[in-house]
Amino acid sequence: MEQLVTNQVAEQKRPLSEDLKKPLPKILQAERRGRVLTYVSSWVLLLILFSLLIFITSKGAAPFISGEVSFAEFFSTKWNPGENSYGALSFILGSLIVSVCAAIVSAPLGIGAAIFMTEIAPKWGRKILQPATEILVGIPSVVYGFVGLTVVVPFIREQFGGLGFGLLAGVIVLSIMILPTIVSISVDTLQSIPRHLREGSYALGATRWQTISRLLLRTSLPGLMTGVVLGMARAFGEALAVQMVIGNSPNLPFNLLTPISTLTSIITLNMGNTVQGSTYNSILWSMALILLLMTLLFVVLIRWITKRREQS
Amino acid sequence: MSDKIKVESFNLFYGDNQALKDIGLNLEEKKVTALIGPSGCGKSTFLRSINRMNDMIPGVSTTGIIEIDGKNVYREEQDLVQLRKNVGMVFQQPNPFPLSIYDNITYGPRIHGITKREELDMIVERTLVQANLWDEVKDRLQSSALGLSGGQQQRLVIARVLAIQPDVILMDEPASALDPISTERLEDLITQLKNDYTIVIVTHNMQQAARVSDMTAFFLNGEIIEYSMTSQLFTSPKDSRTEDYISGRFG
Ligand SMILES: Nc1ncnc2c1ncn2[C@@H]1O[C@H](COP(=O)(O)OP(=O)(O)O)[C@@H](O)[C@H]1O
Ligand SMILES: [Mg+2]
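Predicted model, so just to flag it, every value in this text is computed and none were measured.

Cut-off values and rules
Residues numbered from 1 in each chain as written. Chains lettered and ligands numbered in written order. Predicted model: local features only at pLDDT ≥ 70, side-chain atom pairs only at ≥ 80, totals over all residues. Heavy atoms only, no water. Helix = DSSP H or I, 4+ residues; strand = E, 2+ residues; numbered from the N terminus. Rg over C-alpha atoms; globule rule 2.2 N^0.38 Å. Buried < 20%, exposed > 50% of the residue type's maximum accessible area, 1.4 Å probe, protein only. Contact = heavy atoms within 4.5 Å. Areas by Shrake-Rupley, 256 points an atom, 1.4 Å probe, with all protein chains shown as cover. Lys, Arg positive; Asp, Glu negative; His and termini not counted. Charge placed at Lys NZ, Arg CZ, Asp CG, Glu CD. Buried area = accessible area lost by both parts, 1.4 Å probe. Salt bridge = Lys/Arg side-chain N within 4 Å of Asp/Glu carboxyl O. Nonpolar A, V, L, I, M, F, W, Y, C, P; charged D, E, K, R; others polar. Near = heavy atom within 4 Å. Polar contact = N/O pair within 3.5 Å; in protein donor to acceptor, adjacent residues only side chain to side chain. Domains from an automatic or database assignment. Expected span 1.5 Å × (residues − 1). Arc of directions from axis to C-beta. Axes fitted to C-alpha atoms, helices over the stretch in contact; angles between N-to-C directions. Parallel < 35°, antiparallel > 145°, perpendicular 65-115°, else oblique. UniProt positions renumbered as here; feature names shortened; annotations may be inferred. Patch = residues over 30% accessible without salt bridge, like charges linked within 9 Å, V, L, I, M, F, W, Y side chains within 5 Å. Pairing = 2+ DSSP bridges.

For the rest of this paragraph, the subject is the overall build of chain B. Across its full length, chain B carries 10 helices and 10 strands. Taken over C-alpha atoms, the radius of gyration comes to 18 Å for chain B, in line with the 18 Å a tight globule of 251 residues would show. In terms of its C-alpha atoms, chain B occupies a principal-axis envelope of roughly 55 × 45 × 35 Å. For chain B, the residues scored as buried account for 53% of the 251 residues in total. A sequence separation of at least 24 residues applies to 67% of the contacts in chain B between residues at least 6 apart. With the model as given, the accessible surface of chain B reaches about 10700 Å², and the carbon-plus-sulfur share is 46%. Positive and negative side-chain charges in chain B, numbering 26 and 34 respectively, have mean positions lying 2 Å apart.

At the interface, 23 residues of chain B touch 17 residues of chain A. Its largest share of buried area at the contact with chain A, chain B owes to Phe97(B), Tyr107(B) and Ile111(B), together 28% of the area lost on that side. Across the pair Asp103(B) and Arg218(A) runs a salt bridge, and its minimum N-O distance is 2.8 Å. Of all the secondary-structure elements, those providing two or more residues to the side of chain B that touches chain A are helix 2 (80-86), strand 6 (87-90), helix 3 (101-111) and helix 6 (150-162) of chain B. When residues in the side of chain B that touches chain A are grouped by element, the largest group, 5 residues, is from helix 3 of chain B. Of the residues in the side of chain B that touches chain A, the class split is 14 nonpolar, 4 polar and 5 charged.

Residues and elements named next belong to chain B. The environment of ligand 1 is formed by Tyr-14, Ala-19, Ser-39, Gly-40, Cys-41, Gly-42, Lys-43, Ser-44, Thr-45 and Ile-57. Between Thr-45 and ligand 1, the recorded distance is 2.4 Å, taken from a side-chain N or O atom to an oxygen atom. In the complex, the protein chains occlude 61% of the 560 Å² of accessible area that ligand 1 would expose alone. The dominant element in the shell around ligand 1, judged by the number of residues it contributes, is helix 1 (residues 43-50), at 3 residues. For the shell around ligand 1, the residue count by class is 4 nonpolar, 5 polar and 1 charged.

With that settled, consider the domain arrangement of chain A. Many authors give the size of an interface as the accessible area that is lost as the parts come together. All names here are of chain A. Each assigned domain of chain A is listed with its residue range as follows: domain 1 (19-65) and domain 2 (89-311). Relative placement of domain 1 and domain 2: their C-alpha centres are 32 Å apart. Each side of the interface is counted separately: domain 1 has 9 residues, and domain 2 has 8 residues. A buried area of about 740 Å², summed over both sides, lies between domain 1 and domain 2, and 82% of it is on carbon and sulfur atoms. The three residues of domain 1 that bury the most area against domain 2 are Ile-56, Lys-59 and Pro-63, which together make up 57% of that side's buried surface.

Residue and element names in this part refer to chain B. With 14 residues, helix 7 (residues 180-193) should cover 20 Å at 1.5 Å per step; its first-to-last C-alpha distance of 20 Å lies within 8% of that length. Of the positions making up helix 7, those classed as buried are Ser-182, Thr-183, Leu-186, Glu-187, Leu-189, Ile-190 and Leu-193. The arc that holds the buried residues of helix 7, viewed along the axis, is 160°, so those residues lie on one side. Across helix 7 from its buried face, at more than 90 degrees, point the exposed residues Pro-180 and Ile-181. Summarising the contacts, the buried residues of helix 7 are in contact with strand 3 (32-36), helix 4 (117-130), helix 6, strand 7 (168-172), strand 8 (198-202) and helix 8 (206-212).

As a further point, take the packing of helix 5 (residues 89-120) of chain A against helix 6 (residues 122-138) of chain A. Residue and element names in this part refer to chain A. Following both chains from N to C, one finds helix 5 and helix 6 inclined at 135°, their axes separated by 6 Å at the closest point. Regarding the angle of helix 5 to helix 6, the classification is oblique. Two secondary-structure elements touch here, helix 5 through Phe-116, Met-117, Thr-118, Glu-119 and Ile-120 and helix 6 through Pro-122, Trp-124, Gly-125, Leu-129 and Gln-130. When grouped by side-chain class, the residues that make up the contact of helix 5 with helix 6 number 6 nonpolar, 3 polar and 1 charged.

Right, let's talk about the UniProt feature "domain: ABC transporter" (unreviewed entry) in chain B for a bit. The residues that UniProt annotates with the feature "domain: ABC transporter" (unreviewed entry) are residues 5-246 of chain B. The distance from the first to the last C-alpha atom of residues 5-246 of chain B is 26 Å, and the span holds 38% helix and 27% strand.

The next point concerns a nonpolar patch on the surface. On the surface, a cluster of nonpolar side chains totalling about 680 Å² of accessible area is made up of Tyr39(A), Trp43(A), Leu46(A), Leu49(A), Phe50(A) and Ile54(A). The residue Ile54(A) is located in helix 3 (residues 24-65) in this model.

Moving on, we get to unusual backbone geometry. Residue and element names in this part refer to chain A. Even without glycine at this site, Asn-248 takes up a positive phi of about 60°. Along the chain, Asn-248 turns up in the loop between helix 12 (240-245) and helix 13 (263-270). Residue classification places Asn-248 among the partly exposed positions, given a relative accessible area of 28%.

With that settled, consider the sheet that holds strand 8 of chain B. Residue and element names in this part refer to chain B. Strand order in this open sheet of 6 strands is 6-7-8-3-9-10, and the pairing throughout is mixed. The sheet is open, and its two borders are formed by strand 6 and strand 10 (223-229), each paired with just one other strand. For this sheet, the mean angle separating the axes of adjacent strands, direction not counted, is 15°. Judged from the 6 bridges that link them, strand 9 (residues 215-220) and strand 10 form a sheet pairing that is antiparallel. Across the sheet, the residue bridging to Thr-216 is Ser-228, located in strand 10. Lying on the sheet, helix 1 is in contact with strand 3, strand 6, strand 7, strand 8 and strand 9; it crosses strand 7 at an angle near 155°. Together, strand 6 and strand 7 form the strand contacts of helix 6, whose direction differs from that of strand 6 by roughly 170°.

Here's what the structure looks like:
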């Protein structure tokens, strides 16, 4: 296929051998142009990244530097902007707990589906489940939130009482949202295990299940973990869908049925209603900074896992 | 001498493509049988038929009989786990699991229900000694098997096979990825193992076949052209095609 394409290109233009014989300068020029282009792109990328980092950090650190809010206040649970109380702990915990729970629900489902797709029914899996996961990835988060709002929330309300909005609804919606991430990364990981390892296991008399549980899961653990952490990171950063079902009350997230808030939901709900430069507005930036730091932590974690995989 | 493995009018098809045609041969117990022939002639396919590794390839069908100890392995009630416990296999590319040396050896025994630590320790030592690897790795049993050299990995894989206590060991070009010194050590090991095991080895190195095997079968296009004692097949082949092949005229 690839060969075919290059052949066609070669036929349209002059053969490469000709090119290589004489116009060296032309090739050099193309080389230079390519190098400049890639240099510029990477510098632009770095520049954007650093300005974002500096911008968010300076904005987020401002209320602490000016002394409007102390760290102790910020990391408390007392949230009442009307009376100048800006404790964000409930939201930090809310974000953490909702995404960890979503990952806990989604990990076994996603890894199980990946095993089914690669080991048990590869044909069927590739034909139906793989496109299905790709579609799931492409659905916008507002749709997930909308479905959560119309299906999940009433369901919880009828089954368990209460409002229906809350931690549980958030976990359910998020775990569905991050499922495709976990599935696709797990599938890639399992598929990258060479066939001769599987054969080695079967040839020793292992059954399929033994091969899966004792060899494949063990050797692909770092890759599977990467998928789960990426899913968790996605859940952590998700705003819209969460905000639609989570209830948006400043409660501590220690009960599945209570309406709570997350960092993202507080930011999206309030950023339009606060005055630039006010303490309230600055505190939202501090929360954004926390989100950023947590994302960095996830990235570091994933790098650490992959590095350990390469070493072993 | 009793026959360990009996093959009778065995045919194998990959879909419509017949890869083995009317194979018939008897393999003696505790002997090394070499399978030689140009590539694509069905040696691996035949080897993988003995422990039914071909079952996993979609579209494969077989007719005929392969008996081990008088029982057809293609009979309906054959237990594949039992068959593969009895017939170990060493592959062309060394395929240690990305686990520790210790866990590689104990993988098989654990699958077959051995869990006692002391028993597993004993198996690890016994099989590594048997595979001439013990002295090289005894101080690093818990480190990854992927850190071993190619030759060590191949001996580790043989130790892993010995750990399930098979009667028959199938080897598919086990030395083709190894350097000459590792190859020599591997051949020594094979010669040593034939006191206790029935070994079938595919090789396209004729000197190797001559050095390690008692019997040799020459395959061509899915058929057995000639099967006889190694000394005889290499010195006075009966079929002209065998002669052409061993004198290097094709393949
Ligand atoms: N998995 C497979 N699917 C279809 N055809 C195969 C497969 N494996 C081998 N064959 C075919 O069977 C024939 C014998 O192959 P093989 O047993 O690998 O030969 P050898 O080991 O002697 O080189 C070849 O023609 C090959 O193309
Ligand atoms: Mg082969």
